Amino acid sequence: MPLSELEQALKTDWADALRDRGALSRLQELVSRVGAERADGLAIAPSDGDLLRALSTTSMLDIRVVILGQDPYPTPGHADGLCFSVRPGVAIPRSLGNIFTELESDLGLPRPKSGSLVLWAEQGVLLLNTVLSVTEGQPASHAAWGWQDVTDAMISAISDCANPTVFILWGRHAQAKKRLIDHSRHLVIESPHPSPLSARRGFFGSRPFSRANSWLIERGRKPVDWRLPAT
């Protein structure tokens, strides 16, 4: 992908932040590698149009909360470019179902019918995976590609912003990023991944949604409306 086309696919502040940290050219390399894999006939998730969806939906300067996951869903048709989210009409994956269980328990909200989290992203909730692509059917297949160079730069850029931000780190891959965050200015909420394999080890009962909003309100920032359509 030409650099000019890549910049057009991003919010301007993301392009500037990644360029300042020397990560824009790295992103270009990775996007081109995804394209080459597709040209060779491999099924890569998410789709071309969704690969950078987190960066094109949520402006860096609008971020109030960062939810950090691992890598996209490897199940065909699931990954939509926003971590843990799926398109309307797609069956809700078990990890997302556990997130909704915690949402109900924490805030008393009705359980969403759709797995789309775009309403959160549009409010300044950055839904980011540490790795932005995966070969369908092969979890963590792109973990060694170097996506962390880009997502490390993103987390550092957010941490350097003046706006107090909540970082919700689910699982050890996400928690590896906490070294990049200025804990004196931002809130870090850590818990196990919402996967069925680990959700009962401390994810359930962690109350990330109410904790994030209470902290934002204390610092004069608008809380997130975590409600999602229940019908």
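This part covers the overall build of the protein. Helix and strand counts for the protein stand at nine helices and six strands. Counting only C-alpha atoms, the protein reaches 45 × 40 × 30 Å along its principal axes. Burial statistics for the protein: of 231 residues in total, 54% are counted as buried. Taking all contacts inside the protein whose residues are at least 6 apart in sequence as the whole, residues at least 24 apart take part in 67%.

Per the counting criterion, the structure on display carries zero disulfides. Free of any disulfide, Cys83 has its nearest cysteine sulfur in Cys161, 19 Å distant. With relative accessibility at 15%, the residue Cys161 sits in the buried group.

Take the pattern of salt bridges next. What the rule picks out here adds up to 15 salt bridges. Here Arg19 and Asp16 are joined by a salt bridge, their closest N and O atoms 3.0 Å apart. Here Arg19 and its partner Asp16 are both found in helix 2 (residues 12–20), three residues apart, which amounts to about one turn of the helix. A relative accessible area of 40% means that Arg19 is categorised as partly exposed. On the accessibility criterion, Asp16 (34% relative accessible area) is partly exposed. A salt bridge links Glu104 to Arg111, with the shortest nitrogen-to-oxygen separation between them at 2.8 Å. Judged by its relative accessible area of 31%, Glu104 is partly exposed.

Another point: the layout of surface pockets. Put simply, the largest pocket is a space of about 590 Å³. Lining the largest pocket are 35 residues; nearest its centre among them are Asp71, Pro72, Tyr73, Pro74 and His193. Elements that contribute at least two residues to the lining of the largest pocket include exactly helix 4 (53–57), helix 5 (94–107) and strand 3 (125–129).

Take the nonpolar core next. Within the largest apolar cluster, 74 residues are counted, with the highest numbers of intra-cluster contacts made by Leu18, Val65, Ile67, Trp120 and Trp226. By residue number, the principal contributor to this core is helix 7 (residues 147–160), which donates seven residues. Ignoring sequence-local partners within four residues, the contact set of Ile67 consists of Cys83, Phe84, Trp120, Val125, Leu126, Leu127, Leu128, Ile168, Trp170 and Trp226.

Strand order across the open sheet formed by four strands is 3-2-5-6, with parallel pairing between neighbours. Strand pairing shows two members of the sheet lacking a second neighbour, strand 3 and strand 6 (187–191), which therefore form its edges. Sheet twist, expressed as the average angle between the axes of neighbouring strands with direction ignored, equals 15°. Taken together, the four bridges between strand 2 (residues 65–69) and strand 5 (residues 166–170) define a ladder with parallel strand orientation. Along strand 5, the bridge assignment pairs Val66 with Phe167. Those strands touched by helix 9 (residues 208–218) are strand 2, strand 5 and strand 6, and its axis lies near 165° from that of strand 5.

Below, the discussion takes up the pairing of strand 5. Taken across its five residues, strand 5 has five buried, putting it largely inside the fold. Here strand 5 shows a buried face lined by Val166, Ile168 and Trp170 and a second buried face lined by Phe167 and Leu169. Relative to strand 6, strand 5 is paired through five bridges, and the arrangement is parallel. Bridging from a neighbouring strand, Val166 pairs with Leu187 of strand 6.

So, how was this worked out
- Residues numbered from 1 in each chain as written.
- Predicted model: local features only at pLDDT ≥ 70, side-chain atom pairs only at ≥ 80, totals over all residues.
- Heavy atoms only, no water.
- Helix = DSSP H or I, 4+ residues; strand = E, 2+ residues; numbered from the N terminus.
- Buried < 20%, exposed > 50% of the residue type's maximum accessible area, 1.4 Å probe, protein only.
- Contact = heavy atoms within 4.5 Å.
- Disulfide = S-S within 2.5 Å.
- Salt bridge = Lys/Arg side-chain N within 4 Å of Asp/Glu carboxyl O.
- 1 Å grid on protein atoms, 1.4 Å probe; cavity = no way out; pocket = protein on both sides within 12 Å on 5 of 7 lines; lining within 4 Å.
- Points joined across faces, edges and corners; volume = space filled by probe spheres on them.
- Core = buried A, V, L, I, M, F, W, Y, C linked by side-chain atoms within 4.5 Å.
- Pairing = 2+ DSSP bridges.
- Axes fitted to C-alpha atoms, helices over the stretch in contact; angles between N-to-C directions.

By themselves these figures say nothing about function.
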